[in-house]
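Here are the chains, one letter per residue:
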Amino acid sequence: MSEENWAALGATSLDEVRRRAAVIDAVAEIEPIEIDGAVRYAWNNGGGESAVWYFTPDKQALLLTFDHESRLNLSVDEDYSAQEALYGGVPEHLVTLVRNRPGNYESMNVVDAETGAAIHYASGVFWFDGERWAQGEGFLEHCRREDLDPLSESGFTSCLGEYRFGEEFTPEAIVEYRAALGWYEDGDVEPDEALAEIRDVFARLG
(Lines give C-alpha, C1' and ligand atoms only; values in the text may rest on other atoms or scores of the structure.)
Protein backbone atom coordinates (compact mmCIF):
# COMPACT_ATOMS: atom_id res chain seq x y z
CA MET A 1 0.00 0.00 0.00
CA SER A 2 2.83 2.45 0.82
CA GLU A 3 4.39 1.99 -2.63
CA GLU A 4 0.98 2.51 -4.24
CA ASN A 5 0.50 5.74 -2.30
CA TRP A 6 3.99 6.92 -3.26
CA ALA A 7 3.22 6.23 -6.92
CA ALA A 8 -0.12 8.03 -6.58
CA LEU A 9 1.58 11.14 -5.21
CA GLY A 10 4.02 11.05 -8.10
CA ALA A 11 1.18 10.80 -10.60
CA THR A 12 -0.58 13.88 -9.19
CA SER A 13 0.25 17.30 -10.63
CA LEU A 14 1.92 19.70 -8.21
CA ASP A 15 -0.98 22.12 -8.61
CA GLU A 16 -3.40 19.42 -7.48
CA VAL A 17 -1.10 18.37 -4.63
CA ARG A 18 -1.02 21.99 -3.48
CA ARG A 19 -4.81 22.32 -3.77
CA ARG A 20 -5.33 19.24 -1.62
CA ALA A 21 -2.75 20.44 0.89
CA ALA A 22 -4.57 23.79 1.15
CA VAL A 23 -7.94 22.10 1.59
CA ILE A 24 -6.77 19.71 4.30
CA ASP A 25 -4.92 22.56 6.04
CA ALA A 26 -8.23 24.43 6.22
CA VAL A 27 -10.16 21.31 7.29
CA ALA A 28 -7.64 20.84 10.11
CA GLU A 29 -8.08 24.55 11.01
CA ILE A 30 -4.37 25.30 10.60
CA GLU A 31 -3.33 28.73 9.35
CA PRO A 32 -1.12 28.72 6.22
CA ILE A 33 2.25 30.40 6.81
CA GLU A 34 4.54 32.14 4.33
CA ILE A 35 8.25 31.47 4.86
CA ASP A 36 10.80 33.13 2.58
CA GLY A 37 8.25 33.18 -0.22
CA ALA A 38 7.23 29.55 0.27
CA VAL A 39 3.81 28.63 1.67
CA ARG A 40 3.45 26.07 4.44
CA TYR A 41 0.34 23.91 4.79
CA ALA A 42 -0.05 21.25 7.46
CA TRP A 43 -2.20 18.51 8.96
CA ASN A 44 -2.17 16.72 12.29
CA ASN A 45 -4.44 14.18 13.91
CA GLY A 46 -3.96 15.48 17.44
CA GLY A 47 -2.36 12.19 18.39
CA GLY A 48 1.26 12.43 17.28
CA GLU A 49 1.05 12.25 13.49
CA SER A 50 1.51 15.16 11.11
CA ALA A 51 2.25 16.13 7.52
CA VAL A 52 3.80 19.45 6.58
CA TRP A 53 4.13 20.82 3.04
CA TYR A 54 6.23 23.73 1.77
CA PHE A 55 5.55 24.98 -1.76
CA THR A 56 8.06 27.39 -3.29
CA PRO A 57 7.41 30.00 -6.00
CA ASP A 58 9.61 28.06 -8.45
CA LYS A 59 7.35 24.98 -8.29
CA GLN A 60 9.46 22.93 -5.89
CA ALA A 61 8.19 21.44 -2.66
CA LEU A 62 9.24 19.86 0.62
CA LEU A 63 7.09 17.31 2.44
CA LEU A 64 7.76 16.19 6.01
CA THR A 65 5.88 13.45 7.83
CA PHE A 66 6.06 12.68 11.52
CA ASP A 67 4.86 9.58 13.34
CA HIS A 68 5.62 9.60 17.05
CA GLU A 69 5.29 5.80 17.29
CA SER A 70 7.78 5.15 14.50
CA ARG A 71 11.36 4.00 14.94
CA LEU A 72 12.13 7.07 12.82
CA ASN A 73 10.93 9.34 15.62
CA LEU A 74 14.35 10.76 16.51
CA SER A 75 12.90 13.23 19.01
CA VAL A 76 13.23 10.52 21.66
CA ASP A 77 17.03 10.82 21.54
CA GLU A 78 17.17 14.59 20.93
CA ASP A 79 20.11 13.96 18.59
CA TYR A 80 20.56 17.02 16.38
CA SER A 81 23.15 15.46 14.07
CA ALA A 82 21.01 12.36 13.44
CA GLN A 83 17.94 14.44 12.59
CA GLU A 84 19.89 16.91 10.46
CA ALA A 85 21.39 13.98 8.52
CA LEU A 86 17.92 12.87 7.40
CA TYR A 87 17.78 16.03 5.27
CA GLY A 88 20.94 15.01 3.41
CA GLY A 89 20.62 15.41 -0.37
CA VAL A 90 17.71 17.84 -0.16
CA PRO A 91 18.60 21.22 -1.70
CA GLU A 92 19.63 23.74 0.93
CA HIS A 93 17.07 26.30 -0.22
CA LEU A 94 14.38 23.81 0.84
CA VAL A 95 16.08 22.74 4.06
CA THR A 96 16.47 26.38 5.08
CA LEU A 97 12.67 26.53 5.33
CA VAL A 98 12.89 24.27 8.43
CA ARG A 99 16.29 25.32 9.74
CA ASN A 100 16.40 27.77 12.68
CA ARG A 101 12.65 28.39 12.51
CA PRO A 102 10.22 28.59 15.43
CA GLY A 103 8.83 25.22 16.46
CA ASN A 104 5.12 24.51 16.18
CA TYR A 105 2.59 21.79 16.91
CA GLU A 106 3.34 19.82 13.73
CA SER A 107 7.11 20.43 13.72
CA MET A 108 9.05 20.44 16.96
CA ASN A 109 12.67 21.56 16.95
CA VAL A 110 15.79 19.70 17.93
CA VAL A 111 18.60 22.02 19.00
CA ASP A 112 22.34 21.47 18.73
CA ALA A 113 23.66 21.95 22.26
CA GLU A 114 27.02 23.20 20.99
CA THR A 115 25.98 25.70 18.32
CA GLY A 116 22.36 26.48 19.16
CA ALA A 117 21.33 25.55 15.62
CA ALA A 118 17.82 24.12 15.32
CA ILE A 119 16.00 22.01 12.76
CA HIS A 120 12.49 20.55 12.62
CA TYR A 121 11.97 16.91 13.56
CA ALA A 122 10.65 14.67 10.77
CA SER A 123 10.35 10.92 10.45
CA GLY A 124 10.03 11.19 6.66
CA VAL A 125 11.72 13.67 4.30
CA PHE A 126 10.48 14.01 0.70
CA TRP A 127 10.94 16.71 -1.93
CA PHE A 128 9.80 17.74 -5.41
CA ASP A 129 12.42 19.09 -7.81
CA GLY A 130 10.02 20.59 -10.32
CA GLU A 131 9.46 17.34 -12.21
CA ARG A 132 9.34 14.44 -9.77
CA TRP A 133 9.12 13.54 -6.09
CA ALA A 134 12.14 12.01 -4.35
CA GLN A 135 12.90 10.59 -0.95
CA GLY A 136 15.73 12.37 0.83
CA GLU A 137 19.08 10.62 0.41
CA GLY A 138 20.00 11.05 4.06
CA PHE A 139 16.59 9.72 5.07
CA LEU A 140 17.06 6.66 2.82
CA GLU A 141 20.60 6.08 4.08
CA HIS A 142 19.39 6.08 7.69
CA CYS A 143 16.68 3.57 6.78
CA ARG A 144 19.18 1.28 5.03
CA ARG A 145 21.52 1.44 8.00
CA GLU A 146 18.77 0.68 10.51
CA ASP A 147 16.99 -1.84 8.24
CA LEU A 148 13.78 0.20 8.13
CA ASP A 149 11.20 0.48 5.37
CA PRO A 150 11.20 4.20 4.47
CA LEU A 151 7.56 4.58 3.50
CA SER A 152 5.92 2.52 6.22
CA GLU A 153 8.20 3.65 9.06
CA SER A 154 7.94 7.32 8.13
CA GLY A 155 4.16 7.31 8.48
CA PHE A 156 3.85 8.25 4.81
CA THR A 157 0.59 6.36 4.27
CA SER A 158 -1.19 7.23 7.51
CA CYS A 159 -0.09 10.88 7.51
CA LEU A 160 -1.25 11.40 3.92
CA GLY A 161 -4.51 9.44 4.14
CA GLU A 162 -6.82 12.44 4.07
CA TYR A 163 -5.19 13.81 0.92
CA ARG A 164 -6.59 10.83 -0.98
CA PHE A 165 -3.86 10.65 -3.63
CA GLY A 166 -4.93 8.27 -6.36
CA GLU A 167 -8.50 8.37 -5.03
CA GLU A 168 -11.56 10.56 -5.15
CA PHE A 169 -10.99 13.78 -3.23
CA THR A 170 -14.40 14.98 -2.07
CA PRO A 171 -15.91 16.08 1.26
CA GLU A 172 -17.81 12.78 1.38
CA ALA A 173 -14.63 10.75 0.86
CA ILE A 174 -12.81 12.63 3.63
CA VAL A 175 -15.65 12.14 6.11
CA GLU A 176 -15.89 8.46 5.20
CA TYR A 177 -12.14 8.05 5.71
CA ARG A 178 -12.29 9.78 9.08
CA ALA A 179 -15.32 7.77 10.15
CA ALA A 180 -13.44 4.54 9.40
CA LEU A 181 -10.69 5.74 11.77
CA GLY A 182 -13.20 6.45 14.54
CA TRP A 183 -13.09 10.24 14.38
CA TYR A 184 -16.78 10.64 15.24
CA GLU A 185 -17.22 7.91 17.84
CA ASP A 186 -17.03 10.25 20.84
CA GLY A 187 -20.05 12.18 19.60
CA ASP A 188 -18.43 15.62 19.90
CA VAL A 189 -18.92 16.14 16.17
CA GLU A 190 -21.50 14.31 14.10
CA PRO A 191 -20.54 13.14 10.59
CA ASP A 192 -23.26 15.28 9.00
CA GLU A 193 -21.97 18.37 10.79
CA ALA A 194 -18.41 17.60 9.74
CA LEU A 195 -19.54 17.04 6.16
CA ALA A 196 -21.21 20.46 6.04
CA GLU A 197 -18.07 22.17 7.35
CA ILE A 198 -15.81 20.37 4.88
CA ARG A 199 -18.16 21.23 2.01
CA ASP A 200 -17.78 24.88 2.99
CA VAL A 201 -13.99 24.52 2.77
CA PHE A 202 -14.25 23.00 -0.70
CA ALA A 203 -16.58 25.78 -1.78
CA ARG A 204 -14.01 28.37 -0.71
CA LEU A 205 -10.88 26.65 -2.02
CA GLY A 206 -12.18 24.70 -5.02
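Thresholds applied
Numbers given to residues run from 1 along each chain, matching the order in which its sequence is written. The predicted origin of the model limits local features to residues at a pLDDT of at least 70 and limits the giving and counting of side-chain atom pairs to 80 or more, whereas totals for whole chains, interfaces and linings rest on all residues. Hydrogens and waters are ignored; side-chain quantities use all the structure's heavy atoms. Residue burial is assigned from relative accessible area. The probe radius is 1.4 Å, only protein chains are included, and a residue is buried under 20% of its type maximum, exposed over 50%, and partly exposed in between. The way it works is that DSSP assigns letters per residue, a run of H or I at least four long becomes a helix, a run of E at least two long becomes a strand, and they are numbered from the N terminus. For two strands to be treated as a pair, DSSP must find no fewer than two bridges joining them. Relevant arc is that of directions from the helix axis to the C-beta atoms, nothing else. Residue contacts follow a heavy-atom distance rule, with two residues in contact if any of their heavy atoms lie within 4.5 Å. Site definitions follow a grid-based scheme: protein atoms alone, a 1 Å grid, a 1.4 Å probe that fits but cannot get out for cavities, and for pockets an open set with protein on both sides within 12 Å along at least five of seven lines, plus lining residues having an atom within 4 Å of a point. Grid points are joined across faces, edges and corners, and a volume is the space filled by probe spheres set on the points. Each residue gets one label: Ala, Val, Leu, Ile, Met, Phe, Trp, Tyr, Cys and Pro are nonpolar, Asp, Glu, Lys and Arg are charged, and the others, such as Gly, are polar.

## Notes on the pairing of strand β7 (residues 124–128)
Reasoning step 1: A large share of β7 lies buried, amounting to five of its five residues.
Reasoning step 2: Side chains G124, F126 and F128 of β7 all project onto a buried face; the interleaved residues V125 and W127 project onto the opposite face, where all are buried too.
Reasoning step 3: Relative to β7, strand β4 (residues 61–67) is paired through five bridges, and the arrangement is antiparallel. Looking at β7, one finds that T65 is bridged to G124.
Reasoning step 4: Relative to strand β8 (residues 133–135), β7 is paired through three bridges, and the arrangement is antiparallel. When the bridges of β8 are listed, F128 appears paired with W133.
Reasoning step 5: The antiparallel hairpin formed by β7 and β8 contains four residues in its connecting segment, where G130 sits at a positive phi of about 110°.

## Digging into helix α5 (residues 137–146)
For an α-helix, 3.6 residues make a turn, and residues three or four places apart therefore share a direction.
Reasoning step 1: For α5, the complete set of buried residues consists of G138, F139, H142 and C143. Buried residues of α5 fall within an arc of 140° about the axis and therefore sit on the same side. Residues of α5 that are exposed and point more than 90 degrees away from the buried face comprise E137, R144 and R145.
Reasoning step 2: If you follow the buried residues of α5, they end up packed against α3 (80–85), β7, β8 and α6 (150–153).
Reasoning step 3: Two residues or fewer after α5 comes D147, characterised by a positive phi angle close to 55°.

## Notes on the layout of surface pockets
Reasoning step 1: In this structure, the largest pocket spans a volume of roughly 380 Å³.
Reasoning step 2: In terms of lining, the largest pocket is formed by 15 residues, of which the most central are V27, E29, R178, V189 and E197.
Reasoning step 3: Breaking the lining of the largest pocket down by element, the ones donating at least two residues are α2 (14–27) and α9 (191–205).
Reasoning step 4: Broken down by element, the lining of the largest pocket gets its largest block of residues, four residues, from α9.
Reasoning step 5: Per-class residue counts for the lining of the largest pocket are nine nonpolar, one polar and five charged.

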